[in-house]
Amino acid sequence: MLFRSPALLDGRDVITTARTGSGKTLAFLIPAAARGIGMRPTRGMQPEALVITPTRELAVQIRDVATELGMTAGRITGGITPGQTTREATGKGLITGTPGRLKDLIGRGELRLNNLRYVVLDEADELLSLGFLRDVGDILRHARDQQPQGRTLQIAMASEIGRAHV
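A brief report on the enclosed structure follows. Given the structure is predicted, the values throughout are model-derived calculations rather than measurements.

## What to know about the overall build of the protein
Here is step 1 of the chain: Within the protein, the secondary structure is distributed over six helices and six strands.
Here is step 2 of the chain: Reading the helices (α) and strands (β) of the protein from amino to carboxyl end gives β-α-β-α-β-α-β-α-β-α-α-β.
Here is step 3 of the chain: Computed over its C-alpha atoms, the radius of gyration of the protein comes to 14 Å, within 12% of the 15 Å expected for a compact globule of 166 residues.
Here is step 4 of the chain: Structurally, the protein occupies a C-alpha span of about 40 × 30 × 30 Å along its principal axes.
Here is step 5 of the chain: Looking at the protein residue by residue over its 166 residues, the buried ones come to 51%.

## A closer look at the pairing of strand 2 (residues 49-52)
Here is step 1 of the chain: Because side chains alternate across strand 2, one face comprises the buried residues Ala-49 and Val-51, and the other comprises Leu-50 and Ile-52, equally buried.
Here is step 2 of the chain: Summarising the sheet, strand 2 and strand 4 (residues 94-97) pair through four bridges and their orientation is parallel. The residue of strand 4 that forms the bridge with Ile-52 is Gly-97.
Here is step 3 of the chain: In the sheet, strand 2 pairs with strand 5 (residues 118-122) via four bridges, with the strands oriented parallel. Across the sheet, residue Val-51 finds its bridge partner in strand 5, namely Val-120.

## Examining the environment of Gly-131
Here is step 1 of the chain: Considering the arrangement of structural elements, one finds Gly-131 in the loop between helix 5 (124-129) and helix 6 (133-146).
Here is step 2 of the chain: According to the relative accessible area criterion, Gly-131 is exposed, its value standing at 57%.

## A look at the packing of helix 1 (residues 24-34) against helix 2 (residues 56-68)
Think of two packed helices as two axes; the pair is described by the angle between the axes and how far apart they sit.
Here is step 1 of the chain: Direction vectors running N to C along helix 1 and helix 2 enclose 50°, while the axes themselves pass 10 Å from each other. When the interaxial angle is binned, helix 1 and helix 2 end up oblique. For the element pair helix 1 and helix 2, the recorded crossing hand is right-handed. When helix 1 is examined against helix 2, the residues Thr-25, Leu-26, Phe-28 and Leu-29 are found in contact with a partner set consisting of Gln-61, Ile-62, Val-65 and Ala-66.
Here is step 2 of the chain: Classifying every residue of the contact of helix 1 with helix 2 by side-chain character gives six nonpolar, two polar and no charged.

## Digging into the pattern of salt bridges
Here is step 1 of the chain: On inspection of all chains with the given rule, the structure shows 14 salt bridges.
Here is step 2 of the chain: Lys-24 is the salt-bridge partner of Asp-122, the closest N and O atoms lying 3.8 Å from each other. You can see Asp-122 sitting in strand 5 and its partner Lys-24 sitting in helix 1, a full 98 residues away along the chain.
Here is step 3 of the chain: Among the residues examined, Asp-122 registers a relative accessible area of 2% and is labelled buried.

## Quick look at the nonpolar core
Here is step 1 of the chain: Residues Ile-52 and Leu-111 are the most contacted members of the largest nonpolar core, which totals 23 residues.
Here is step 2 of the chain: Mapped onto this core, the elements with two or more residues apiece are strand 2, helix 4 (99-107), strand 5, helix 5 and helix 6.
Here is step 3 of the chain: Looking at which element gives the most residues to this core, the answer is helix 6, with four residues.
Here is step 4 of the chain: Sequence-distant contacts of Leu-111, that is, excluding residues within four places in its chain, are made with Met-45, Pro-47, Ile-76, Ile-95, Leu-102, Leu-105 and Ile-106.

Thresholds, definitions, all that
Residues numbered from 1 in each chain as written. Predicted model: local features only at pLDDT ≥ 70, side-chain atom pairs only at ≥ 80, totals over all residues. Heavy atoms only, no water. Helix = DSSP H or I, 4+ residues; strand = E, 2+ residues; numbered from the N terminus. Rg over C-alpha atoms; globule rule 2.2 N^0.38 Å. Buried < 20%, exposed > 50% of the residue type's maximum accessible area, 1.4 Å probe, protein only. Pairing = 2+ DSSP bridges. Axes fitted to C-alpha atoms, helices over the stretch in contact; angles between N-to-C directions. Parallel < 35°, antiparallel > 145°, perpendicular 65-115°, else oblique. Left-handed = near helix turned anticlockwise from the far one by under 90°. Contact = heavy atoms within 4.5 Å. Nonpolar A, V, L, I, M, F, W, Y, C, P; charged D, E, K, R; others polar. Salt bridge = Lys/Arg side-chain N within 4 Å of Asp/Glu carboxyl O. Core = buried A, V, L, I, M, F, W, Y, C linked by side-chain atoms within 4.5 Å.

Rendered as structure tokens:
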């Protein structure tokens, strides 16, 4: 489990599986918060942390947990208007969202990933089984291309035990 490994605190990439209800969300948010990632407001839609989820319900849940940890957190998902999206995600150090909406805002230049330091693929197995492989790959490639010289992007992938493993 992520709690037992200092890898995220050390800035290393991680792939893990865990049971539902085991604390995955806290396991990937606490190391980011402890390192100061996603804690401060940013300019525009330029997060330091991005959590990609397969559903808007999960995105809302993660945003709420991140906010409880003191992170500046917003979401980008379907089901809200463009104006609500702008209000929800502008100035946030951590953004959580679904692949299609994230990719759409990246393509329009509204969501910029040049400040990004930390990416989480939550329920990565579900992202793949729902057909989001291409969108997630495009988002990650764009994020890596936008990194300033010498900065490495940390990636964590989590899936649930009992589902197809990544």
